[in-house]
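This is what each chain is made of:
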Amino acid sequence: QVQLVESGGGLVQAGGSLRLSCVASDPIFSIYVMGWYRQAPGKQRELVASATVGGSPNYADSVKGRFTISRDNARNTVYLQMNRLRPEDTAVYYCNSIRRGTPYYNWGQGTQVTVSS
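Cut-off values and rules
Residues numbered from 1 in each chain as written. Predicted model: local features only at pLDDT ≥ 70, side-chain atom pairs only at ≥ 80, totals over all residues. Heavy atoms only, no water. Phe/Tyr/Trp six-rings, centres within 6.5 Å; stacked < 30°, edge-to-face > 60°. Helix = DSSP H or I, 4+ residues; strand = E, 2+ residues; numbered from the N terminus. Buried < 20%, exposed > 50% of the residue type's maximum accessible area, 1.4 Å probe, protein only. Pairing = 2+ DSSP bridges. Polar contact = N/O pair within 3.5 Å; in protein donor to acceptor, adjacent residues only side chain to side chain. Contact = heavy atoms within 4.5 Å.

**Concerning the packing of aromatic side chains**
How two aromatic rings sit relative to each other is given by the distance of their centres and the angle of their planes.
At step 1: What the rule picks out here adds up to 3 aromatic pairs.
At step 2: For the ring pair Y37 and W107, a centre distance of 5.1 Å and an interplane angle of 85° mean the geometry is edge-to-face. Separated by 70 residues along the polypeptide, Y37 in strand β4 (residues 33-39) and W107 in the loop between β10 (102-103) and β11 (111-116) bring together distant segments of the chain.
At step 3: Overall, W107 belongs to the partly exposed group, its relative accessible area being 31%.
At step 4: Seen from their ring centres, Y104 and Y105 are 5.0 Å apart, and the 90° between their planes marks the pair as edge-to-face.

**Examining the pairing of strand β9 (residues 91-99)**
The side chains of a regular strand alternate between both faces of the sheet.
At step 1: Burial analysis of β9 places 9 of its 9 residues in the buried class, which makes it a mostly covered element.
At step 2: Where β4 meets β9, 7 bridges bridge the pair, whose relative direction is antiparallel. The residue of β9 that forms the bridge with V33 is I98.
At step 3: Inspection of the sheet shows β9 paired to β11 by 3 bridges, in the antiparallel sense. Bridged to Y93 within β11 is T111.
At step 4: Of the strand pairs in this sheet, β9 and β10 are connected by 2 bridges, and their pairing is antiparallel. Paired with R99 across the strands is T102, a residue of β10.
At step 5: Where β9 folds back onto β10 in an antiparallel hairpin, the turn is made up of 2 residues, including R100, whose phi is positive at roughly 50°.

**Thoughts on the side chain of R38**
At step 1: Here R38 shows up in strand β4.
At step 2: Given the relative accessible area of 6%, R38 is considered buried.
At step 3: At 3.4 Å, the side chain of R38 forms a polar contact with the side chain of S62.
At step 4: Residues in contact with R38, not counting those within four places in the same chain, are Q44, R45, E46, V48, S62, V63, F67, E88, D89, A91, V92 and Y93.

Quick look at the structure:
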């Protein structure tokens, strides 16, 4: 089983920035599309960004222009640079591999992002 460990979350004021990291326990993680998801209380988990093996990104409309996904395949790691954060970005953020549009591995613990107004 591949284990996923997210880090980098925290409490920030609106307009601030955070950089999230996700490290997988096995290099197999690096041969598939990687994605960042988030889940707020009472809401469904949603995909916010993804990157192909070659790094081609895709973003949800809600974060486009503010978030940047990148990956380091040699380190089995995916990053999410989050700029101009808004209170509505508050959620637990998770990473996963994506196959046929579906998250593949068991979810990690996630990392909490809280944006104050």
